[in-house]
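# Architecture at a glance
Here are the chains, one letter per residue:
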Amino acid sequence: MKTKTFLALLLLVIAGCGCSKKDNFKAVPFRTLFSGCNPPDLEYINKKEIISNEVELQKIGEVLRLTTETINSFKINFSQKQVIIIWGKEERYTPSSINVTSVAEDNTSIVVHTVSEVKGLGAAFSCPFCIVEIPKTNKNITYKNKAL
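Here is a short report on the structure shown in this document. Bear in mind that the values here come from a model prediction, so they are computed numbers and not experimental data.

### Description of the overall build of the protein chain
Of regular secondary structure, the protein chain possesses three helices and seven strands. Scanning the protein chain from its N terminus toward the C terminus, one meets helices and strands in the order α-β-β-β-α-α-β-β-β-β. Burial statistics for the protein chain: of 148 residues in total, 33% are counted as buried. A total accessible area of about 9,600 Å² is found for the protein chain, and carbon and sulfur atoms account for 57% of it.

### Considerations on the nonpolar core
By size, the foremost hydrophobic cluster in this structure holds 17 residues, and its most contacted members are Leu57, Val83, Ile85, Trp87 and Ile131. Counting only elements with at least two residues in this core, the list comes to α2 (54-63), β4 (81-87) and β6 (109-135). Excluding its chain neighbours within four sequence positions, the residues that come into contact with isoleucine 85 are Lys47, Lys48, Glu49, Ile51, Ile60, Leu64, Cys130 and Ile131.

### Some points on the side chain of aspartate 106
Examined against the element boundaries, aspartate 106 turns out to sit in the loop between β5 (91-105) and β6. Despite its burial, aspartate 106 pairs with no opposite charge, the nearest such side chain being lysine 139 at 5.7 Å. For aspartate 106, the side chain forms a polar contact with the main-chain nitrogen of serine 109, separated by 2.8 Å. Setting aside anything within four residues of it in sequence, one finds aspartate 106 in contact with Asn24, Phe25 and Lys139.

### Thoughts on the pattern of salt bridges
Under the criterion given, the structure shown has four salt bridges. Measuring nitrogen to oxygen at the nearest pair gives 3.0 Å for the salt bridge that ties glutamate 133 to arginine 31. Remark: arginine 31 occurs in strand β2 (residues 31-38) and glutamate 133 occurs in strand β6; sequence separation between them is 102 residues. Here arginine 31 falls in the partly exposed class, since its relative accessible area comes to 34%. For glutamate 105, the salt bridge goes to lysine 139, with nearest N and O atoms at 2.9 Å. Pair noted here: glutamate 105 is in strand β5 and lysine 139 is in the loop between β6 and β7 (140-147), with a separation of 34 residues, a long-range link.

### Points about unusual backbone geometry
The phi torsion of most residues other than glycine is negative, and most of the peptide bonds are trans. Here the phi dihedral of arginine 65 falls at roughly 65°; this positive angle occurs in a residue that is not glycine. Position of arginine 65 among the secondary structure elements: in the loop between α2 and α3 (68-73). For arginine 65, a relative accessible area of 57% corresponds to the exposed category. We note that lysine 75 has phi near 45°; this positive angle belongs to a residue other than glycine. The topology assignment puts lysine 75 in the loop between α3 and β4. A residue is classified by how much of its surface remains accessible, and lysine 75, at 69% relative accessible area, is exposed.

Basis of the calculations
Residues numbered from 1 in each chain as written. Predicted model: local features only at pLDDT ≥ 70, side-chain atom pairs only at ≥ 80, totals over all residues. Heavy atoms only, no water. Helix = DSSP H or I, 4+ residues; strand = E, 2+ residues; numbered from the N terminus. Buried < 20%, exposed > 50% of the residue type's maximum accessible area, 1.4 Å probe, protein only. Areas by Shrake-Rupley, 256 points an atom, 1.4 Å probe, with all protein chains shown as cover. Core = buried A, V, L, I, M, F, W, Y, C linked by side-chain atoms within 4.5 Å. Contact = heavy atoms within 4.5 Å. Lys, Arg positive; Asp, Glu negative; His and termini not counted. Salt bridge = Lys/Arg side-chain N within 4 Å of Asp/Glu carboxyl O. Polar contact = N/O pair within 3.5 Å; in protein donor to acceptor, adjacent residues only side chain to side chain.

All we've got here are geometric facts, nothing functional implied.
Okay, here's the thing in structure tokens:
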């Protein structure tokens, strides 16, 4: 009988420990502005960049070979929003992509979840990128990527 009681208490303790750990992350709204794929540039492979004003956005638009009309169509209010640009790794096939699937925050940080995928069989070096708008923040931003 003592063994059954001990095992029952042990099971309760184990179950209780598993339930006590809660993630305090909540979803953050985001908007994907553009995603694409360019020839690889060693300076930008696997790079993440935060853009906080229109001048920086126009400069990075040139790097990404986006037209001024495309950049202007984003219509970003930089007093309330900021832009994250995420470049993927160099891929050997095209087309390839990287996309943000979710953004979450807690009291001190923001986590951006991305997924990378090679969609084509065309033998060519490429570097996918994604441009995303999130609310303006001073929190530390980290990135977690999943490859398909």
